[in-house]
Amino acid sequence: MRDRIVQFGSCVAVGLLLVALIALMGWSSAACAQAANVEQKGDESSAKSAETPRDDPPERMFPTLRDSRFWLSGQANFIFQTHPPFDAKYSGKNSLSPRYEKATSRVLTLYTGWRLNDSTELLLDVEEAGGAALSTGLGLAGFTNLDIVRNPLLSKAPYIARGMFHTVIALSGDKVENERSPLSLFDELPRRRLEIRFGKFSMVDFFDVNPVGSDTHFQFTNWTIDNNGAYDYAADTRGYTVGATADFEDRDWGIRFAEALMPKVANGPDLVWQPWKAHAENFEFELRRGLIAHKSGAIRLLAYTNYANMGIYREALARFIEGIDLIPDITAHPWRTTRKYGFGMNVEQSLTPYVTAFGRWGWDNGKTESFAYTEVDETFQGGLGFYGAKWSRKQDRAGIAFVTNGIKKDHQNYLAHGGYGFLIGDGALTYGRENILESYYTAHVWRGIYLAPGVQYIVNPGYNRDRGPVVVPSFRLHLEF
């Protein structure tokens, strides 16, 4: 026990020390750099504005509160999906059904916030999620709808999705304009700053964010296109955790760290409140510069480490071969803390003021049980996002993206011998990479009403060449209040 507490404390200390040292360096240079920042501000803004994508904030049915100290808004997101019958040589308990299916999900959210002063605010969001998922959310590593409730037995009652304390420590005197949102109510922020948050949140509120590939309300809906599939980020069944983040931001770059709680079991609704037994560290470095000269863009480098009660695929298969278990069972072990780690890259690049390219790469060690997000050990994706201002529809969006997902050999062998993960398992496996193509068009109909047809084409669902391909048309209704 003492070793675990020391290990947990060391992980937290390393992350916080890294952010603190960088913040201290920024604070010490603030006085000499402030004048230069002010002089260059006008030139920088004019140089970047010509090639900055024209992504206008969404229109709402009702006007925002005049008092900027407060935030009150809401949204409703409904996604209908279906698929026709497809070929399948066999199916298991975690398979995507080969028969015709249809399902509609819903997510209703109320966003509230109170800015206490120019540096501190409180944020609270209440959410209700329900409806249904194709095959109850099973059978795909890159599932087609990120809004679904992965556990149909969860309560349908509203719940607190986010509850955060957010404070900003200024490290320079000059300010930059801030686009207010439910996650930050400030009109402006210090150019060089340290932001601290703690409470309940989703890790992908702040990590692995991409402006054209992270939002199921207006963009793609596939799990492994909206997020890095190999990023097994700390979360309960609904996608939230409890923890703290430290985020240092400077002119063209930033670095952030988060410490968070892990669930008790894979895809579980309950978190482990003893962080020395189960915890997660997340690191991300962001460089806000494009790969093409004079065009905006960003590169984000991600690393994470999870400690939780996770099984080992090779050990589960060995127990089956020895006759201890009737089928390979990744959960058949006493409580123990094992380690999973991974890395990722997230790139965005403006091509024109109306077209942005994006991509992600992800990798994890693949020997330890997929636990919190989805069953992907390596992934690569690329796509394009289009802004409707090009065709005089400034609130419209469109996009197309391709993602290819894979799992490591130990994970493959486990599934091939009849093992089941928390999302996939056909009872057998002829391995092939799961390849997904998705496209959508989001049309603004009237004051906060958005309609979005879309389609996904999936080859080797659940990494199985004996099943599929599958076509999944979808239709989304989104309301902004």
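Below is a short write-up of the structure.

### Focus on the overall build of the protein chain
And then number 1: When helices and strands are tallied, the protein chain shows 5 helices and 18 strands.
And then number 2: Out of the 481 residues belonging to the protein chain, those deemed buried represent 55%.
And then number 3: Summed over its atoms, the accessible surface of the protein chain is roughly 20400 Å², and 62% of this surface lies on carbon and sulfur atoms.

### Some points on the pairing of strand β4 (residues 159-170)
And then number 1: Judged from the 8 bridges that link them, strand β3 (residues 120-131) and β4 form a sheet pairing that is antiparallel. Paired with Thr-120 across the two strands is Thr-167, which belongs to β4.
And then number 2: Direction of pairing for β4 relative to strand β7 (residues 193-201): antiparallel, over a ladder of 8 bridges. Paired with His-166 across the bridge in β7 is Arg-197.

### As for helix α4 (residues 313-321)
And then number 1: Buried within α4 we find Tyr-313, Ala-316 and Leu-317. One side of α4 holds all its buried residues, which, seen down the axis, span an arc of 95°.
And then number 2: Positioned one or two residues after α4, Gly-323 has a phi angle of 85°, which is positive.

### Some words on the nonpolar core
And then number 1: Within the largest apolar cluster, 63 residues are counted, with the highest numbers of intra-cluster contacts made by Phe-143, Met-203, Phe-207, Tyr-231, Tyr-233, Met-262 and Tyr-463.
And then number 2: Counting residues per element, this core draws most heavily on strand β11 (residues 297-308), at 3 residues.
And then number 3: Among the nonpolar cores identified, the runner-up in size contains 5 residues, and Ala-129, Tyr-159, Ala-161 and Tyr-240 belong to it.

### Details of the packing of aromatic side chains
And then number 1: Per the stated rule, a full pass over the model turns up 20 aromatic pairs.
And then number 2: Aromatic side chains Tyr-341 and Phe-343 sit 6.4 Å apart centroid to centroid with 70° between the ring planes, which places their arrangement in the edge-to-face category.
And then number 3: What makes Tyr-341 partly exposed here is its relative accessible area of 27%.
And then number 4: With relative accessibility at 40%, the residue Phe-343 sits in the partly exposed group.
And then number 5: Taking the centre distance of 6.0 Å and the plane angle of 25° together, the rings of Tyr-431 and Tyr-463 count as stacked. Taken together, the residues span a long stretch of sequence, with Tyr-431 in the loop between α5 (409-416) and β16 (434-446) and Tyr-463 in the loop between β17 (449-459) and β18 (470-480) at a distance of 32 residues.
And then number 6: Chaining the aromatic ring pairs together yields one cluster made of Phe-143, Trp-223, Tyr-231, Tyr-233, Tyr-304 and Tyr-373.
And then number 7: Across the ring face of Tyr-420, the terminal group of Lys-93 is positioned such that the distance to the ring centre comes to 4.8 Å.

### Brief notes about the pairing of β18
And then number 1: When strand β1 (residues 70-83) meets β18, the two strands line up antiparallel, connected through 7 bridges. Residue pairing in the sheet places Phe-80 in a bridge with Phe-475 of β18.

### Some thoughts on α5
Each α-helix turn comprises 3.6 residues. Residues three or four places apart therefore point the same way.
And then number 1: By the burial criterion, the buried members of α5 are Asp-410, His-411, Gln-412, Tyr-414 and Leu-415.
And then number 2: As for α5, its buried residues are in contact with α4.
And then number 3: Following α5 by one or two positions, Gly-418 adopts a phi angle in the positive range, close to 100°.

### Regarding the pattern of salt bridges
And then number 1: Under the definition given, this model contains 28 salt bridges.
And then number 2: Close ionic contact of Arg-289 with Asp-252 constitutes a salt bridge, the shortest N to O distance being 3.6 Å. Here Asp-252 lies in the loop between β8 (241-249) and β9 (253-260) and Arg-289 lies in the loop between β10 (279-287) and β11, a separation of 37 residues in the sequence.
And then number 3: For Arg-289, a relative accessible area of 52% corresponds to the exposed category.
And then number 4: The class of Asp-252 is buried, set by a relative accessible area of 12%.
And then number 5: The salt bridge involving Arg-336 is made with Glu-315; its shortest N-O contact spans 2.9 Å. With Arg-336 in the loop between α4 and β12 (338-352) and Glu-315 in helix α4, this residue pair connects regions lying 21 residues apart in the sequence.

### Things to note about the environment of Leu-287
And then number 1: Checked against the element boundaries, Leu-287 lands in strand β10.
And then number 2: A relative accessible area of 30% places Leu-287 in the partly exposed class.
And then number 3: The spacing of Leu-287 and Asp-250 is 37 residues in sequence and 9.8 Å in space, taken between C-alpha atoms.
And then number 4: Apart from the residues within four sequence positions on either side, Leu-287 is in contact with Asp-252, Trp-253, Gly-297, Ala-298 and Ile-299.

### A closer look at the environment of His-478
And then number 1: Along the chain, the position of His-478 falls in strand β18.
And then number 2: Along the backbone, His-478 and Gln-75 are 403 residues apart, and their C-alpha atoms lie at a distance of 7.3 Å.
And then number 3: In this structure His-478 touches Gln-75, Ala-76, Asn-77, His-217, Phe-218, Gly-448, Ile-449 and Tyr-450, once residues within four positions along its chain are discounted.
And then number 4: Separated by 2.8 Å, the side chains of His-478 and Glu-480 make a polar contact.

### A closer look at a nonpolar patch on the surface
And then number 1: There is a patch of nonpolar side chains on the surface, built from Leu-65, Phe-70, Leu-72, Leu-110, Trp-114, Leu-116, Leu-122, Leu-124, Val-126 and Ile-160 and spanning about 830 Å² of accessible area.
And then number 2: Broken down by secondary-structure element, the contributors of at least two residues to the nonpolar patch are β1, β2 (101-115) and β3.
And then number 3: Looking at the nonpolar patch element by element, the count peaks at 3 residues for β3.
And then number 4: Mapping Val-126 onto the fold places it in strand β3.
And then number 5: By relative accessible area, Val-126 is classed as partly exposed at 32%.

Cut-off values and rules
Every chain begins its residue count from 1, and numbering advances along the sequence as written. Two thresholds apply to this predicted model, a pLDDT of at least 70 for residue-level local features and 80 or more for giving and counting side-chain atom pairs, whereas whole-chain, interface and lining totals are computed over all residues. Side-chain figures throughout are based on the complete set of non-hydrogen atoms in the structure, without hydrogens or water. Numbered from the N terminus, helices here are DSSP runs of H or I no shorter than four residues, and strands are runs of E no shorter than two. Three exposure classes are used, based on accessible area relative to the maximum for each residue type with a 1.4 Å probe and protein chains only: buried under 20%, partly exposed in between, and exposed over 50%. Here the Shrake-Rupley method, with its probe set to 1.4 Å, supplies the accessible areas, and only the displayed protein chains count as covering residues. The criterion for strand pairing is that DSSP finds at least two bridges linking the strands in question. Think of the arc as the fan of directions from the helix axis to the C-beta atoms. In this text, buried Ala, Val, Leu, Ile, Met, Phe, Trp, Tyr and Cys residues form a nonpolar core when linked through side-chain atoms within 4.5 Å. Here a pair means two rings of Phe, Tyr or Trp (six-membered ring of Trp) with centres within 6.5 Å. Their orientation is stacked below 30 degrees between planes, edge-to-face above 60, and tilted elsewhere. Ring-over charges, as used throughout, are those where CZ of Arg or NZ of Lys falls within 6 Å of the ring centre and within 35 degrees of the ring normal. The criterion used for residue contact is that any of the two residues' heavy atoms lie within 4.5 Å. Within this document, salt bridges are pairs made up of a side-chain nitrogen of Lys or Arg and a carboxyl oxygen of Asp or Glu, the two lying within 4 Å of each other. Identification of polar contacts relies on pairs of N or O atoms within 3.5 Å, with a donor-acceptor requirement for protein atoms, meaning one able to donate a hydrogen and the other able to accept it, and with residues adjacent in sequence counted only if both atoms are side-chain atoms. Residues enter patches when they are more than 30% accessible in relative terms and free of salt bridges; like-charged ones are connected within 9 Å and nonpolar ones (Val, Leu, Ile, Met, Phe, Trp, Tyr) within 5 Å.

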